[in-house]
Amino acid sequence: MRRPLVAGNWKMHGTRASVAELTKGLRQQAVPAGVDVAVFPVLLHVADVLDGVSGGVVMVGAQNCAVEPEQGALTGEVAATQLRDAGCKLVLVGHSERRSLLQESDEVVVRKFAAAQSAGLIPVLCVGETLAQREAGETLAVVGRQLASVIESLGVDVFRQAVVAYEPVWAIGTGLTASPEQAQQVHAAIRAQLAAASADVADGVRILYGGSVKAANAAELFGMPDIDGGLVGGASLNADEFGAICRAAGN
Ligand code: 13P
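Small disclaimer: the values here were computed from a predicted structure and weren't measured.

A. Just the sheet that holds strand 1 (residues 5-9), in detail. Taken together, eight strands build a closed barrel; the order of strands is 1-2-3-4-5-6-7-8 and the barrel is parallel. Across this sheet, the average inter-strand angle for adjacent strands is 25°, counted without regard to direction. Packed onto the sheet, helix 5 (residues 106-118) meets strand 4 (90-93) and strand 5 (122-127) and runs at close to 160° relative to strand 5.

B. Representation of the layout of surface pockets in the model. Put simply, the largest pocket is a space of about 470 Å³. Around the largest pocket, the lining is made up of 20 residues, and of these Met12, Gln63, Asn64, Arg98 and Leu102 lie nearest the centre. The element best represented in the lining of the largest pocket is helix 4 (residues 96-101), accounting for three residues. Looking at the lining of the largest pocket residue by residue, the classes come out as 11 nonpolar, five polar and four charged.

C. Layout of the site of the ligand. With respect to spatial proximity, the complete set of residues near the ligand consists of Asn9, Lys11, His95, Glu167, Ala171, Ile172, Gly173, Gly211, Ser212, Leu231, Gly233 and Gly234. A distance of 3.0 Å separates an oxygen atom of the ligand from a polar atom in the side chain of asparagine 9. Within the side chain of lysine 11, one N or O atom sits 2.8 Å away from an oxygen atom of the ligand. When isolated, the ligand has an accessible area of 310 Å², and the protein chains bury 95% of it. A per-class count over the shell around the ligand returns three nonpolar, seven polar and two charged.

D. Representation of helix 11 (residues 239-249) in the model. For helix 11, the full list of buried residues reads Ala239, Phe242, Gly243, Ile245, Cys246, Ala248 and Ala249. Here helix 11 starts with a cap whose side-chain oxygen sits 3.0 Å from the backbone nitrogen of aspartate 240, and that cap is asparagine 238.

E. Local environment of the pairing of strand 6 (residues 163-166). Of the two faces of strand 6, the one holding Val163 and Ala165 and the one holding Val164 and Tyr166 are both buried throughout. Sheet topology places strand 5 next to strand 6; four bridges connect them, and they run parallel. When the sheet's bridge partners are listed, leucine 125 is paired in strand 6 with valine 164. Of the strand pairs in this sheet, strand 6 and strand 7 (residues 206-210) are connected by four bridges, and their pairing is parallel. Paired with valine 163 across the two strands is arginine 206, which belongs to strand 7.

F. Spotlight on the environment of proline 4. As for its placement among the helices and strands, proline 4 is situated in the segment before strand 1. As a C-alpha pair, proline 4 and alanine 20 span 16 residues in sequence and 26 Å in three-dimensional space. Leave out the neighbours within four places in its chain, and proline 4 touches Gly34, Val35, Asp36, Arg206, Asp228 and Ala249.

Scoring rules and cut-offs
- Residues numbered from 1 in each chain as written.
- Predicted model: local features only at pLDDT ≥ 70, side-chain atom pairs only at ≥ 80, totals over all residues.
- Heavy atoms only, no water.
- Pairing = 2+ DSSP bridges.
- Helix = DSSP H or I, 4+ residues; strand = E, 2+ residues; numbered from the N terminus.
- Axes fitted to C-alpha atoms, helices over the stretch in contact; angles between N-to-C directions.
- Contact = heavy atoms within 4.5 Å.
- 1 Å grid on protein atoms, 1.4 Å probe; cavity = no way out; pocket = protein on both sides within 12 Å on 5 of 7 lines; lining within 4 Å.
- Points joined across faces, edges and corners; volume = space filled by probe spheres on them.
- Nonpolar A, V, L, I, M, F, W, Y, C, P; charged D, E, K, R; others polar.
- Near = heavy atom within 4 Å.
- Polar contact = N/O pair within 3.5 Å; in protein donor to acceptor, adjacent residues only side chain to side chain.
- Areas by Shrake-Rupley, 256 points an atom, 1.4 Å probe, with all protein chains shown as cover.
- Buried < 20%, exposed > 50% of the residue type's maximum accessible area, 1.4 Å probe, protein only.

Below is the structure:
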């Protein structure tokens, strides 16, 4: 009953030429009617990608937005309202690369989440534990805290118009994937935490798995009851591989 979503996070990859090629390849993919697909290019390439996918089913999102929803004096940032104006439908917030390399705090993530929604964008809230945290048995506590910061500040109802992505940091770009059972355990905990505040919000929200998803492991992951699609990094840079992941979500 939840529509699967497969999202490709292109991170800081690509030139205008390679992105045009990737976008063209994407258009040629057969995507099952029941699956939503989105890609998140570098901001500089968003307009090109929007042109490239126009008339098709692929949505375009941004990888980040400013904490302030409206345009103004904030050098180097892009406002959620400007992303919306450009044609973006979604925005990633709280990706672990930004949390760890750019010191984005839960508080900043909450502000970006709110800014995105106020502009009419769907925030994709990324949560996940490091290897050290997993080994210390802190996975559910860490993910629970990241999720709680949004619920406590903005209320559970904001998840009616949002997506959650569980991305264990140790599985990102490493070739290590959480097993379907490991991922399912965390996804179920995320849904249970939301259900404690609202059963129907929990029931409707899509929770994506991210971390070395590829065509070869996608079907197994997406077959788990609380995994509603994927947030794909490296494998989304290959149109055929990404297309195969999208098709796996339709089965
Ligand atoms: P990889 O698929 O390259 O591991 O990246 C996952 C990710 O960070 C998506 O946001």
